[in-house]
Structure formats: C-alpha cells, structure tokens
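# Working through the structure, step by step
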Amino acid sequence: MVRRDLIFGAVAVALVVLYIWGASLLTPVVGPVASSPTPTRPAEQTGVPRVPGAIAFVLRGDVYLLRDGRYAPLTSEGRNSQPALTSDGSTLYFARREEIDGKRVVEGALVNARLAFSSIVRKPSSGGAEEIVLNGLRQRSANGQHLVSWYLGPAISADGRRLALFEDDGDGAADLELLTMPAPAAATGTPRATPRPTVAVLSQGADLADAAWSPDGRTVAVTSYNTDVPGILLWAADRPGTAQRVADLPQGEAYRPSYSADGKWLVYTLRRDGKNDVHAYELATKKDVALTDDGRSWGGVLSPDGAWLAFLRERSGTIDLYAMELADALAGGRPKDAVKLTRGEGIDGASRPSWSR
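Within every chain, residues take consecutive numbers counted from 1 along the sequence as written. Owing to the predicted nature of the model, reporting of local features is limited to residues with pLDDT of at least 70; listing and counting of side-chain atom pairs is limited to 80 or more, with chain, interface and lining totals taken over all residues. Only hydrogens and water are set aside; all other atoms, that is, all heavy atoms of the structure, feed into the side-chain values.

## Remarks on the overall build of the protein
Assigned secondary structure in the protein consists of two helices and 27 strands. Partly exposed describes any residue whose relative accessible area lies between the buried limit of under 20% and the exposed limit of over 50%, with all areas from a 1.4 Å probe on protein chains only and scaled to the type maximum. Burial status across the protein gives 51% buried among its 357 residues. Sequence separation of at least 24 residues holds for 47% of the intrachain contacts in the protein that already meet a minimum separation of 6. For every accessible area listed, the method is Shrake-Rupley and the probe measures 1.4 Å; residues are considered covered only by the protein chains on display. As presented, the protein carries roughly 16,100 Å² of accessible surface, and 49% of it is formed by carbon and sulfur atoms. Helix and strand assignments follow DSSP, with helices taken as H or I runs no shorter than four residues and strands as E runs no shorter than two, numbered in order from the N terminus. Here, residues are in contact when the closest pair of their heavy atoms is within 4.5 Å.

Here is the structure:
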C-alpha cells in the first residue's frame with residue numbers, strides 16, 4: 001500500500017499530510033493510539049454556487065451533503081470517509097473508523113493493544129437513523145484477540161441492490177467484495193427475521209481501491225496497486241477472478257475511476273511527472289480527454305446528466321471541492337471555468353466525492 005500512500009506526494013506538503021491521514025484508514029493499527037483534539041467543524045454553509053443534484057464529500061472526517069446552494073454535515077464523529085450516494089440520492093453509504101481495546105501477539109507474546117478497524121454504515125441522506133451494513137469487528141474474543149477487518153470504499157450499484165467494497169484484514173491485501181442486499185420482504189403481517197446480505201469475493205490477495213459500478217451493473221472499475229505502476233482494472237461482477245486492465249491510457253499512474261451515467265466514459269485521475277489531472281476515457285473509441293490541466297486536480301466524478309464534473313483541487317496547500325460545466329469538452333472543446341464549492345475548511349483529499357440526482 002506504500003504506492004497508494006505516495007501517489008499525491010508531489011502535489012504539496014499539505015496534500016501529503018492529508019493523504020497520509022487518509023491512508024491510515026487503510027492499515028490496521030496495533031498498539032496505543034494517541035488521541036487528539038477534534039477540530040472545529042463548520043456548521044451549515046449557505047450561499048454556495050448552485051449545481052444540479054446532490055454531492056457528498058468529506059470534510060475533517062465527516063460526510064457533508066451539498067444541495068440547492070448549501071452544504072451541511074450528515075455525521076459528527078470525525079471518523080468517517082469515502083461517501084457513496086445511491087443513484088436517486090436518498091441513501092448514503094460510507095466507511096467509519098472504530099477502535100477497541102484488545103490483544104495481539106507481538107514477538108510471541110500476547111500484549112495489550114488498541115485495535116482499529118472500519119465498518120460500512122448506511123443512513124438516509126436527509127438525516128436519521130444509521131445502520132451498520134458490515135461490521136469491521138467481525139468477532140469478539142473472551143481473551144481480547146478480537147477478529148477485525150477494514151471494510152473500505154463502498155460503491156452502490158445503480159439498482160441499489162449490490163455494494164462493492166474492499167476488505168483488508170491486516171495481511172497487506174485489499175480485496176474486492178460484492179455484497180448483495182436481500183430483496184424487501186413482502187408485507188404479510190407476520191414478523192420474520194431480516195435476511196442477511198450475501199458476500200462474494202472477487203479477488204484474492206490483491207491490492208485494490210476506488211470501486212465504481214458501470215450503470216448496467218455488469219462491471220466494477222477499480223484502481224489496482226498490484227503492479228509497479230497503478231492502473232485501472234475492470235472486474236466482471238458475476239465472474240470472480242475475471243478482470244481486464246485498461247491498457248490504452250496515457251503514460252502515468254491512472255487511478256480513482258468512475259463511470260459516466262451512460263456508461264460510455266471512464267473519468268479517472270492521471271498522475272504524471274508529479275502532477276495530477278482529471279481525464280475522461282471513451283471506452284468504445286479509446287479516446288482520452290484531459291479535463292483539467294493545472295496539475296493539482298483529482299478525484300473527478302460526473303453529474304448524473306453528464307454535463308458537470310466535480311473534483312478536488314489543491315491551491316496553496318488547501319484542498320477544496322470544485323465543479324465545472326463540461327460544455328463540449330468531451331468532443332474536443334474546452335470546459336467552462338471551474339467554480340469553488342467549499343471554503344478552505346479541510347477537505348479530505350483521500351475521499352472521492354459522490355454525485356447523485
């Protein structure tokens with residue numbers, strides 16, 4: 001995972017610090033964890049430039065939702081990352097870091113340890129009760145040797161039935177898994193137990209991140225860190241172990257893919273010569289289009305109508321959420337000027353935004 005931690009290394013010192021914090025979410029912690037004061041979080045912000053639909057993003061460890069010219073927090077723990085909205089914008093999925101006192105074997109001895117893990121959480125985007133979809137505390141043990149995993153990077157399919165995510169159980173791998181939600185039970189008036197989701201493991205011993213579903217639900221695009229140069233893999237959702245690398249991208253490190261709503265384009269970030277920019281790749285024609293050229297932009301996602309791009313950009317050591325109208329950029333023209341949607345309050349550079357209706 002070292003390559004993943006260093007991918008933004010040349011952007012700016014502040015960006016490196018924020019990305020290392022995000023990378024800490026990817027590695028289980030053994031030993032005492034020093035506590036630090038929780039930073040002040042901005043309350044609801046109004047007067048933001050209006051864009052269509054809703055955008056979820058992470059600011060100082062909490063998920064915020066931007067809609068109708070305002071953004072407000074949906075969480076408050078300061079331990080949340082990697083938001084994913086359902087296509088209709090009604091439900092939010094995200095990862096939450098947790099800790100528990102336990103024990104680990106270190107140099108043959110059983111010692112006290114502060115064990116860290118992360119769970120996948122679901123809640124209505126309008127606010128309300130949360131539900132743990134997948135608990136990173138997989139099994140409690142009477143002797144303190146709890147079984148924990150890091151569940152990360154949730155991505156929900158267009159039909160809302162399947163969740164792609166990654167599991168790191170501390171062995172250095174981050175494997176792609178698909179969780180299928182049970183179908184809603186028919187109303188019979190008789191109480192019955194809630195069916196458990198089913199989990200299919202697509203990879204074994206891989207080092208993957210940044211899942212994104214194709215609109216038809218057949219493919220999951222991911223970033224692969226299994227080779228010297230990170231790249232994008234397209235996984236067949238119904239065939240474990242079947243993946244194809246996108247081999248026709250420009251030279252550099254390609255990462256963090258996402259699909260356009262019509263499935264024709266992959267938006268991704270290309271890191272080259274220490275610079276990061278957002279690109280779009282047309283799957284049918286293999287045409288590649290650079291959508292930014294400042295060297296400090298990444299994590300792009302298209303709006304549901306394909307007319308806008310949201311992305312993260314660093315300026316003078318500060319990361320903000322931006323959006324811009326594409327106009328005819330995908331056909332060879334230029335996009336309109338980007339507008340800044342946040343106000344320098346500490347965007348998490350390791351969490352890609354999510355855009356829904």
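## Notes on the nonpolar core
Burial of nonpolar side chains together is a common tendency in soluble globular proteins. Only buried residues count toward a nonpolar core. Its members are Ala, Val, Leu, Ile, Met, Phe, Trp, Tyr and Cys residues joined through side-chain atoms within 4.5 Å. Counting 22 residues, the largest nonpolar core has Val51, Ile55, Phe57, Leu66 and Leu341 as the members making the most contacts within it. Among the elements of the structure, strand 2 (54-59), strand 3 (62-67), strand 23 (297-302), strand 24 (308-315) and strand 25 (318-325) are those that each provide at least two residues to this core. Here leucine 341 is in contact with Val48, Pro49, Val51, Ile55, Leu66, Tyr71, Leu321, Tyr322 and Ala323, once residues within four sequence places are set aside.

## What about the pairing of strand 4 (residues 70-73)?
The two faces of a sheet get side chains in turn, since along a regular strand they alternate between them. Sheet topology places strand 1 (residues 45-46) next to strand 4; two bridges connect them, and they run antiparallel. The residue bridging threonine 46 from the neighbouring strand is arginine 70, located in strand 4. Following DSSP output, two strands are said to pair if at least two bridges run between them. When strand 3 meets strand 4, the two strands line up antiparallel, connected through four bridges. Bridge pairing in strand 4 places arginine 67 opposite arginine 70. Adjacent in sequence and paired antiparallel, strand 3 and strand 4 are bridged by two residues, among which aspartate 68 carries a positive phi angle near 55 degrees.

## Topic: the pattern of salt bridges
Salt bridge, as applied in this entry: a Lys or Arg side-chain nitrogen positioned within 4 Å of an Asp or Glu carboxyl oxygen. Counted according to the given criterion, the structure contains 18 salt bridges. Of the charged contacts, one joins glutamate 98 and arginine 79 as a salt bridge, the two residues approaching to 3.0 Å between their closest N and O atoms. Of this pair, glutamate 98 sits in strand 6 (residues 91-106) while arginine 79 sits in the loop between strand 4 and strand 5 (80-85); the two residues are 19 residues apart in sequence, bridging distant segments of the chain.

## Thoughts on the pairing of strand 25
Counting buried positions along strand 25 yields six of eight residues, so the element is predominantly enclosed. Hairpin geometry of strand 24 and strand 25 is characterised by an intervening segment of two residues between the two adjacent antiparallel strands and by a positive phi of about 55 degrees at serine 316.

## Considering the environment of aspartate 210
Within the secondary structure, aspartate 210 is located in strand 15 (residues 208-213). Owing to a relative accessible area of 15%, aspartate 210 belongs among the buried residues under this scheme. Beyond its immediate chain neighbours, meaning those up to four positions away, aspartate 210 contacts Phe166, Ala221, Val222, Thr223, Tyr225, Arg256, Pro257 and Arg352. Identification of polar contacts relies on pairs of N or O atoms within 3.5 Å, with a donor-acceptor requirement for protein atoms, meaning one able to donate a hydrogen and the other able to accept it, and with residues adjacent in sequence counted only if both atoms are side-chain atoms. Here the side chain of aspartate 210 touches threonine 223 through a polar contact of 2.7 Å, side chain to side chain.

## Digging into the sheet that holds strand 21 (residues 275-282)
Backbone hydrogen bonds hold the strands of a sheet together, and the pairing may be parallel or antiparallel. If you walk across this open sheet you meet the four strands as 19-20-21-22, and the pairing is antiparallel. Across the chains shown, the open sheet's two edge strands, defined by having one partner strand only, are strand 19 (253-259) and strand 22 (288-290). Here the average twist between neighbouring strands, direction ignored, is 30 degrees. Sheet analysis places strand 21 next to strand 22, joined by three bridges and oriented antiparallel. Residue pairing for strand 22: histidine 279 is matched across the bridge by alanine 290. Axis geometry follows a simple rule: fit a line to the C-alpha atoms, using only the stretch in contact for helices, then measure angles between N-to-C directions, giving values from 0 to 180 degrees.

## Focus: unusual backbone geometry
Within the chain, arginine 60 stands out as a residue other than glycine whose phi angle is a positive 50 degrees. When you line up the elements, arginine 60 lands in the loop between strand 2 and strand 3. If you check the backbone angles, glutamine 82 has positive phi at about 55 degrees while not being a glycine. When you line up the elements, glutamine 82 lands in strand 5. Since its relative accessible area comes to 17%, glutamine 82 is described here as buried.

## Points about the sheet that holds strand 23
Across the sheet, which stays open at both edges, the four strands sit in the order 23-24-25-26 with antiparallel pairing between neighbours. Edge positions in the open sheet fall to strand 23 and strand 26 (339-340), since each of these has one partner strand only. Of the pairings in the sheet, the one linking strand 25 to strand 26 comprises two bridges and is antiparallel in character. Considered in strand 26, the bridge of tyrosine 322 is made with lysine 340.

Treat this as a map of the structure, not an account of what it does.
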